[in-house]
Amino acid sequence: QELTASASPKKLENLRADTPSTVEQDKSALLAKLPSVSFLAPRGKFDVEVRRASIRLIGKQGETACSVPVSSVSRLMKLPVPSGSQKVKTIICAALLSEAVPVGKSSTKFLALQSKETDKVLAELVAPQHLLPERFDGSDLQDIPCVLLLKFLQSLCNLAVDQQDPNLFCSIANDAAVKCNIKSIHDGFLFPLRAGLFFIQKFQWIDKSDIQSAEFDCITNRTVNLVFKLSNGEKCEFSMIAKDEQPRIQEYIKAAKFGAREQAKDVQDDKVSKSKQEIAEKPPGTEAEQIRDEDEDDDDDEDDDNFECSASSDEESDGYDAVEAMEDAEATGDDSETQSEDEDEDEDEEDEEKEGGEAVNPCQGVEVAEKRERQDETEEEEEEEKPPVPKRGKMA
């Protein structure tokens, strides 16, 4: 009641702005405080309260301007901003949120701040050591604000930090980013990273898994445009990039292999659609012939649709086979008769060779027969001229 009586209407409105969910979320243990930190998203200067479950940004009048749940942080980045002719190096640290958080009447999906290397502050450690996260090293509490906040977020979220990889991309000026425009936003910086691309001024993150293809457009003597085709069908164009950066960006695109999975999937889909198209383009008789060939054994089934056609074709084939069989039989009979005559002649010649010892011609056969007759007559005459042999009597 005392606060209500002494507070101005504007303060009362700010006090009522804390919803129950925000107040309940911010009741987690307070770990540390960072005074007067300048943010790029949400834009402004805030005192920072690092709590166990959230990062709370406090406005000038003590109101909660924004409360970011630790569980909504999905990616952390630490990148050097191209400084040009400036000698002092500037670092930007950003947290990508899985869900947008309200900031007054608007909302944001990024928690981003940048600091010069010379702007070091001392973080005020509030919680005792045993309440701090296990990965938090409380020994070094003096650093530039963006790095201090990044250390707290890394210990609370247990996430790796995306940084520049000089082997993957480095601009002509040896910077981590190239200068470009996007829509109405001019003089922004595009950071090609291993996990995707990060654009600052109007903060935008393009995840590598969402990129289907990348190509250059509107190429002039001095500048080129870089166009990314996304998986949701949208296009993202970064314009007015110095043409000298084109070869290095091409090397980055080649190394990042954007859309490799989508290309493999498209190749597989093309093969499937091509096979389906080939099947659809086959003539109607082709499939019927295949079915007929597969069902040769089932032609006699009366339930088949092609039963009559199959039967007639069988009869024609049977008649054709019978004619062929008769012609083959006649040809075989003639051949067999000729073969049997040849075999009889061969047998007679073999018998003659056995009787005469060797084959003889007909003239020689007549002389041999006459010689045999004369030999027989001589033998009969000799037997007749021989004296008779006396018969022996029995011994007394």
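Scroll up to find the structure.
Here the structure is a predicted model, which means the values were calculated and not measured.

K.L.:
Please explain the sheet that holds strand S3 (residues 54-58) as it appears in this structure.
P.N.:
Working definition: the strands of a sheet are paired by backbone hydrogen bonds and lie parallel or antiparallel to each other. Across the sheet, five strands lie side by side as S4-S3-S2-S1-S9; this open sheet has antiparallel pairing. Of all the strands in the sheet, just strand S4 (64-69) and strand S9 (124-125) have a single pairing partner and so form its edges.

K.L.:
I tried to follow the state of the cysteines on my own but got confused; where do I start?
P.N.:
Per the stated rule, a full pass over the model turns up zero disulfides. The thiol of Cys180 is unpaired, and the distance to the nearest cysteine sulfur, on Cys236, comes to 9.2 Å.

K.L.:
Honestly, the layout of surface pockets in this entry has me stumped. Any pointers?
P.N.:
The rolling of a water-molecule-sized probe over the atoms marks out the regions of remaining empty space. The space that makes up the second largest pocket amounts to roughly 360 Å³. In terms of lining residues, the second largest pocket is bounded by 16 residues, among which Gln204, Leu230, Glu234, Lys235 and Cys236 are the most central. Within the residue set of the lining of the second largest pocket, elements represented by two or more residues are strand S15 (204-207) and strand S18 (235-242). When the residues that make up the lining of the second largest pocket are grouped by side-chain class, the tally is five nonpolar, four polar and seven charged.

K.L.:
Help me out: how do you make sense of unusual backbone geometry in this one?
P.N.:
Only a minority of non-glycine residues have a phi that is not negative, and only a minority of peptide bonds are not trans. The omega torsion of the bond from Ala41 to Pro42 falls at -10°, within 30 degrees of zero and hence cis. Phi angles above zero are rare outside glycine, and Gln201 is one such case at about 120°. Among the structural elements, Gln201 can be located in the loop between strand S14 (196-200) and S15.

K.L.:
Explain helix H5 (residues 246-256) to me, please; I cannot follow it from the model alone.
P.N.:
Since the α-helix advances by 3.6 residues per turn, residues separated by three or four positions end up pointing in the same direction. Listed in full, the buried residues belonging to H5 are Gln246, Ile249, Tyr252, Ile253 and Ala256. All buried residues of H5 project into a common sector of 120° when viewed along the axis, lining one side. In H5, the exposed residues that point more than 90 degrees away from the buried face are Glu251 and Lys254. Where the residues of H5 are buried, they touch strand S13 (185-192), S14, strand S16 (211-217), strand S17 (223-230) and S18.

K.L.:
Would you take a moment to explain the side chain of Arg51 for this structure?
P.N.:
As for its position among the elements, Arg51 is in strand S2 (residues 43-51). For Arg51, the side chain forms a polar contact with the main-chain oxygen of Ser28, separated by 2.9 Å.

K.L.:
So what exactly am I meant to see when it comes to empty space enclosed by the protein here?
P.N.:
The full count for this structure, using the stated rule, is three cavities of 30 Å³ or more. Its volume calculated, the largest cavity comes out at about 50 Å³. Along its surface, the largest cavity is lined by Leu76, Cys93, Ala94, Ala95, Leu111, Leu113, Cys146, Leu149, Leu150 and Leu153. If you tally residues by element for the lining of the largest cavity, the top one is helix H4 (residues 145-157), at four residues.

K.L.:
Before we go on, may I ask you to explain H4 in this structure?
P.N.:
The terminal C-alpha atoms of H4 lie 18 Å apart, and with 13 residues this matches the ideal 18 Å at 1.5 Å per residue to within 8%. Burial within H4 is extensive, with eleven of its 13 residues counted as buried. For H4, the set of buried residues is Pro145, Cys146, Val147, Leu148, Leu149, Leu150, Phe152, Leu153, Ser155, Leu156 and Cys157. Taken from the residues just after H4, Asn158 is the one with a positive phi, measuring 55°.

The rules behind each value
- Residues numbered from 1 in each chain as written.
- Predicted model: local features only at pLDDT ≥ 70, side-chain atom pairs only at ≥ 80, totals over all residues.
- Heavy atoms only, no water.
- Pairing = 2+ DSSP bridges.
- Helix = DSSP H or I, 4+ residues; strand = E, 2+ residues; numbered from the N terminus.
- Disulfide = S-S within 2.5 Å.
- 1 Å grid on protein atoms, 1.4 Å probe; cavity = no way out; pocket = protein on both sides within 12 Å on 5 of 7 lines; lining within 4 Å.
- Points joined across faces, edges and corners; volume = space filled by probe spheres on them.
- Nonpolar A, V, L, I, M, F, W, Y, C, P; charged D, E, K, R; others polar.
- Buried < 20%, exposed > 50% of the residue type's maximum accessible area, 1.4 Å probe, protein only.
- Arc of directions from axis to C-beta.
- Contact = heavy atoms within 4.5 Å.
- Polar contact = N/O pair within 3.5 Å; in protein donor to acceptor, adjacent residues only side chain to side chain.
- Expected span 1.5 Å × (residues − 1).

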